[in-house]
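Summary of the model geometry
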Amino acid sequence: MSRVMKFAPVILKNLFSKPVTRRYPDVPIKYPEGDRGHVEIQIDKCISCGMCVRSCPTGTLSVDRMKGTWTIDRFDCVQCGYCVLKCPVKCLSIVPGYQEPEREKASQTYQKSPEVLKAEAEKRAKQAALAKEMAAKKAAALKAKKEAEAAAAAGKAAESAPAAAKN
Amino acid sequence: MPEETNDKNTIRPVGENVIVPIKAEELVGKAIEMKKDGLRLSQAHCSWVNNQYEVSYSFANDETLAYTTLRICVGRTAELSSISEIYPYAAFYENEMEELFGLKIRFKDLDYHNKLYRIKVKAPFLPEDQRDVSTDTAQEKTGAADAPAGQKEDAN
Amino acid sequence: MGKRSVIPFGPQHPVLPEPIHLDLVVEDERVVEAIPNIGFIHRGLEGLAPDRDFQKYLYVVERTCGICSFGHGLGYVESIEGIMNVEVPEKARYLRVIWAEMARMTSHLMWLGFTADAFGFESLFYQAWRIRERVLDLMEMTTGGRLIYSVLKVGGVLRDISPEMQKKILDDLNEIEKETRDMTKTFLDDYSVQTRLKGVGVLTKQQAHDVGACGPMARASGIACDMRMRGYEAYADLGFEPVVSQDGDSYARCEVRINEIFASIELVRRAFAKMPKEGDLATAFKGNPNGEYFARIEQPRGEAIFYSEGHGKPTLDRFRLRTPTFANLQALCETLKGAEYADVPILILTIDPCISCTER
């Protein structure tokens, strides 16, 4: 008969001790450091290369280079952390704090600050001007080369056959 | 590119696994040999690579931890014989092969007739141009074959 | 000569953790035959392999199942490392063993809760899960996630366990071991548990071999086969013996799994003792997989097989995952023959079903 009710001491002990569970959400939750909760971005460091977009297994990220935005669909993100690994300028990080429940799915867009946008636009304009200058220089060089070749050919023709002059 | 599937005529080790290429007719004979040696059927799968099916039946030896795989390369319209008379539980793997890849296998002892996973598209793991409905067996028997709810579409 | 009827079991049932359907052919309260029917959770995850870069695909494979998540990631990474001949540094191998054994502990404690709940012993269900929460807290501290760890990469691991974390883990494991020993001793000695489990669902050694059982299901019937004896990762250095029982009934299966929890705790302690203090966490590699490889590892539920085939592209051509429950389903149907109808829920739970792995 001593084989039955072996669990009774444990049950009595549980009956008279404090509950193990926390009264969340009244008691705030403490996440350990290094917990994978959600992804954050320092948008001004982002260079809109799109590496994170290509690396996301669920396809939840998107960037717009001209407008300078980075969009994440928080409810599709699975907190794997692969985008954080792949970012070349390390502007992404994964921090504690799970996504709160909401009534509808929503995505979040981060916009670069106007100063950074202006600096980027200026840089782009400068690069475009530089490219144009280089192209013009190249065209001029090509033209000069062609004229020199034509002149050399004319000179040779004049040397070999005194009667036949070019043009 | 190493290991072209068309002319793999040699038995070759892959890690600790040994892959033995055989012809489709030899499958049942080899399976009886494996059973006599006391090996357990570990898994069976097929894949569609280089325009042909590569079917693998893997056998494990529980004492020496050795692993042998029989590899059969067949075309799209080939028909294999099931080994479920020798290994009764091979029917599960063969039903899955038939449903996902459209590979025809006859004489299975437990035949689900393409209803194991109840997928809407026939042979979803084959590329689109290979999925010809007329050459696949187990057509929908009646119009009521579609389950009313919970029919899963392939996640592709 | 009794009257036969077919009773459908599942996919919704209070004891089932995941949906599976069984058609039970019953003759006067005895089950004569059982025909399984799966397909409720099929997502076609193997078909995503040609669409995702092979490093990205690791995150898909990890999320095939919540409980066996670390094992799936480990097997996938091993199969890619086998194709590309990448050597994993020693420290990373020990870390992988530690995380794998702790994942095994959480899986077995969860299974213990489900089984106790199946025949009405709910107090043990809560007690087992209370202990499991402590292990999950340790996992969250070291990897960042409770069930899905995302701490693996091809060539090594992503995180390290610092010496403070190591001390905390070892201290907590001592307490966890003491609590688990008390709880499981009560469970195994209890009169009602023994009446429900002893002699129920006997699977002899020959039957287990014929039907292709693997994992604790086979080890409880006397077949001493455990993939960890192959010595993958750091198991070769740690010295490992499989836990085997000879009885073959449900009680033996419970005993085998409970003893495996203690074996895992011992393996974690040995791994921490032998792990090198300094070392690389991962090996760098270049290129795409070209070739094929079979990787076999021991999941908490049995032997899992991972096959990858690639031809030089960044995506794999074929990925195949054969999970242990797929093989144990047939063993289940074998044990159900001749069982009482009231024992069906217990027998389903003694194979430790993980149906989302089965159907991917």
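Just so you know, the residues in each chain are numbered from 1, in the order the chain's sequence is written. Lettering of chains starts at A and numbering of ligands starts at 1, both following the order in which they are written. Residue-level local features of this predicted model are given only where pLDDT is at least 70; pairs of side-chain atoms are given and counted only at 80 or more, and the full residue set underlies all totals for whole chains, interfaces and linings. Each side-chain value is worked out from all heavy atoms of the structure, with water and hydrogens disregarded.

1. Structural notes on the overall build of chain A
Applied cut-off: Elements are defined by DSSP. Helices are runs of H or I of four residues or more, strands are runs of E of two residues or more, and each kind is numbered from the N terminus. Each radius of gyration reported is based on C-alpha atoms, and the globular scaling rule is 2.2 Å times the count of residues to the power 0.38. Each residue's exposure class comes from its accessible area (1.4 Å probe, protein chains only) as a fraction of the maximum for that residue type: buried when under 20%, exposed when over 50%, partly exposed otherwise. In this description, contact between two residues means that some pair of their heavy atoms is separated by no more than 4.5 Å. Note on areas: Shrake-Rupley with a 1.4 Å probe; residue coverage comes only from the protein chains shown. Within this scheme the basic residues Lys and Arg register as positive and the acidic residues Asp and Glu register as negative, but His and the chain ends are omitted. Think of each charge as sitting on NZ of Lys, CZ of Arg, CG of Asp or CD of Glu.
Counting its secondary structure elements, chain A contains four helices and five strands. Going residue by residue from the N terminus, the α and β elements of chain A occur as α-β-α-β-β-α-β-β-α. The C-alpha atoms of chain A give 35 Å as radius of gyration, which overshoots the globular expectation for 167 residues (15 Å, by more than 25%). In terms of its C-alpha atoms, chain A occupies a principal-axis envelope of roughly 135 × 40 × 25 Å. Counting the 167 residues in chain A, one finds 23% classified as buried. For chain A, the share of sequence-separated contacts (at least 6 apart) that also reach a separation of at least 24 residues comes to 71%. Accessible surface, chain A: about 12400 Å² in total, of which carbon and sulfur atoms supply 60%. Taken as two groups, the 30 positive and 18 negative side-chain charges of chain A have centres that lie 6 Å from each other.

2. Let's talk about the state of the cysteines
Residue and element names in this part refer to chain C. Condition: Disulfide assignment relies on a single distance test, namely cysteine sulfur atoms paired within 2.5 Å.
Under the definition given, this model contains zero disulfides over all chains. Its sulfur unpaired, Cys225 is 8.3 Å from the next cysteine sulfur, which belongs to Cys214. A relative accessible area of 8% places Cys225 in the buried class.

3. Description of the interface of chain C and chain A
For the record, the criterion: Accessible area that two parts lose when put together, evaluated with a 1.4 Å probe and summed over both, is termed the buried area. A carboxyl oxygen of Asp or Glu within 4 Å of a side-chain nitrogen of Lys or Arg is what we treat as a salt bridge. Side-chain atoms alone can form a polar contact between residues adjacent in sequence; in general such a contact is a pair of N or O atoms within 3.5 Å, and within protein one must be able to donate a hydrogen while the other accepts it. Three categories are distinguished: nonpolar for Ala, Val, Leu, Ile, Met, Phe, Trp, Tyr, Cys and Pro, charged for Asp, Glu, Lys and Arg, and polar for the others, with Gly belonging to the last.
Each partner contributes to the interface: chain C provides 27 residues, whereas chain A provides 26 residues. Between chain C and chain A lies a buried interface of about 2100 Å² when both sides are counted; carbon and sulfur atoms form 52% of it. For the pair chain C and chain A, the number of links is zero salt bridges. Counting every contact that joins chain C to chain A gives 10 residue pairs in polar contact (both at pLDDT 80 or more). At the level of secondary structure, the elements contributing two or more residues to the side of chain C that touches chain A comprise α1 (57-62), α4 (122-143), α5 (163-189) and α6 (191-197) of chain C. With seven residues, α4 of chain C is the single largest residue contributor to the side of chain C that touches chain A. Of the residues that constitute the side of chain C that touches chain A, the class distribution is nine nonpolar, nine polar and nine charged.

4. Remarks on the sheet that holds strand β7 (residues 302-311) of chain C
Consider a sheet: its strands pair through backbone hydrogen bonds, and that pairing is either parallel or antiparallel. Residue and element names in this part refer to chain C. Rules: One bridge is not enough; two strands pair if DSSP finds at least two bridges between them. Only C-alpha atoms enter the line fits that serve as axes; for helices the fit covers just the stretch in contact. Angles between N-to-C directions range over 0 to 180 degrees.
Ordered in space as β6-β7-β8, the three strands form an open sheet in which the pairing is antiparallel. The sheet terminates laterally at β6 (290-299) and β8 (318-322), the two strands that pair on one side only. Strand-to-strand, the axes of this sheet are offset by a mean angle of 10 degrees, without reference to chain direction. As paired elements, β7 and β8 share five bridges and run antiparallel to each other. The residue bridging Ser308 from the neighbouring strand is Phe319, located in β8. On the sheet, helix α2 (residues 69-84) packs against β6, β7 and β8 and is oriented at approximately 145 degrees with respect to β6.

5. Here's the deal with the pattern of salt bridges
Side chains bearing opposite charge may pair, as long as their charged atoms lie close to each other. All names here are of chain C. Under the criterion given, the structure shown has 43 salt bridges over all chains. Of the charged contacts, one joins Arg96 and Glu233 as a salt bridge, the two residues approaching to 3.0 Å between their closest N and O atoms. Pair noted here: Arg96 is in helix α3 (residues 90-118) and Glu233 is in the loop between α8 (216-219) and α9 (235-238), with a separation of 137 residues, a long-range link. The class for Glu233 is buried, based on a relative accessible area of 11%. Asp352 is paired through a salt bridge with Arg301; the nearest N and O atoms lie 3.2 Å apart. A residue pair is termed long-range when its members are at least 10 positions apart, and Asp352 in the loop between α12 (344-350) and α13 (355-359) and Arg301 in the loop between β6 and β7 qualify at 51 residues.

6. Considering the interface of chain B and chain C
For interface size, the figure often reported is the accessible area lost on association. Between chain B and chain C, the residue contacts involve 49 residues of the former and 48 residues of the latter. A buried area of about 3900 Å², summed over both sides, lies between chain B and chain C, and 54% of it is on carbon and sulfur atoms. At the boundary of chain B with chain C, the tally comes to three salt bridges. The partner of Arg40 of chain B in a salt bridge is Glu303 of chain C, and the shortest N-O contact between them spans 2.9 Å. Where chain B packs against chain C, one counts 14 residue pairs in polar contact (both at pLDDT 80 or more). For the side of chain B that touches chain C, the elements supplying multiple residues, two or more each, are β1 (12-14), β2 (17-21), β3 (40-49), β4 (52-60), β5 (67-74) and α2 (90-101) of chain B. For the side of chain B that touches chain C, the residue count by class is 24 nonpolar, 11 polar and 14 charged.

7. Remarks on the packing of α5 of chain C against helix α10 (residues 250-274) of chain C
All names here are of chain C. Using the following cut-off: Relative orientations are named as follows: roughly parallel for angles under 35 degrees, roughly antiparallel for angles over 145 degrees, roughly perpendicular for angles from 65 to 115 degrees, and oblique for any other angle. Each helix crossing is assigned a hand: it is left-handed if the near helix lies turned anticlockwise from the far helix by less than a right angle, otherwise right-handed if that turn is clockwise.
Contact geometry of α5 with α10 gives a least axis separation of 11 Å together with a crossing angle of 165 degrees. One finds that α5 runs roughly antiparallel with respect to α10. Between α5 and α10 the crossing geometry is left-handed. Across the interface between the two elements, Gln166, Ile169, Leu170, Leu173, Asn174, Glu177, Thr180, Arg181, Thr184, Phe187 and Leu188 from α5 touch Tyr251, Cys254, Glu255, Ile258, Ile261, Phe262, Ile265, Val268, Arg269 and Phe272 from α10. For the contact of α5 with α10, a count of residues per class yields 13 nonpolar, four polar and four charged.

8. With respect to the side chain of Arg219 of chain C
With respect to the helices, strands and loops of the structure, Arg219 of chain C is situated in helix α8. Contact partners of Arg219 of chain C, with chain neighbours within four places excluded, come to Cys225, Asp226, Arg228, Pro242, Val243, Val244, Ser245, Val256, Glu260 and Glu298 of chain C.

9. Overview of the sheet that holds strand β3 (residues 69-73) of chain A
All names here are of chain A. What the three strands build is an open sheet, ordered β2-β3-β5; its pairing is antiparallel. In the strand order of this sheet, the two ends are held by β2 (61-64) and β5 (107-111), each with one partner. Across the sheet, the mean angle separating the axes of adjacent strands is 15 degrees when strand polarity is ignored. Taken together, the five bridges between β3 and β5 define a ladder with antiparallel strand orientation.

10. Examining a nonpolar patch on the surface
We apply this condition: Patch definition: residues with relative accessible area over 30% and no salt bridge; like charges joined within 9 Å; nonpolar side chains (Val, Leu, Ile, Met, Phe, Trp, Tyr) joined within 5 Å.
Nonpolar side chains collect at one region of the surface, where Leu12, Leu15 and Phe16 of chain A lie side by side and expose about 380 Å² of accessible area between them. With respect to the secondary-structure elements, Leu12 of chain A resides in helix α1 (residues 8-15).

11. Quick word on the domain arrangement of chain A
Residue and element names in this part refer to chain A. So the rule is basically this: Domain segmentation is taken from an automatic or database assignment of domains.
When the domains of chain A are assigned, the result is domain 1 (32-112) and domain 2 (113-157). Once you take the C-alpha centre of each, domain 1 and domain 2 turn out to be 39 Å apart. With eight residues of domain 1 in contact, the opposing surface of domain 2 contributes six residues. Interface area, domain 1 with domain 2, both sides summed: about 520 Å², of which 47% is carbon and sulfur. Our enumeration of links across domain 1 and domain 2 arrives at zero salt bridges. Taken together, the residues of the side of domain 1 that touches domain 2 break down into two nonpolar, two polar and four charged.

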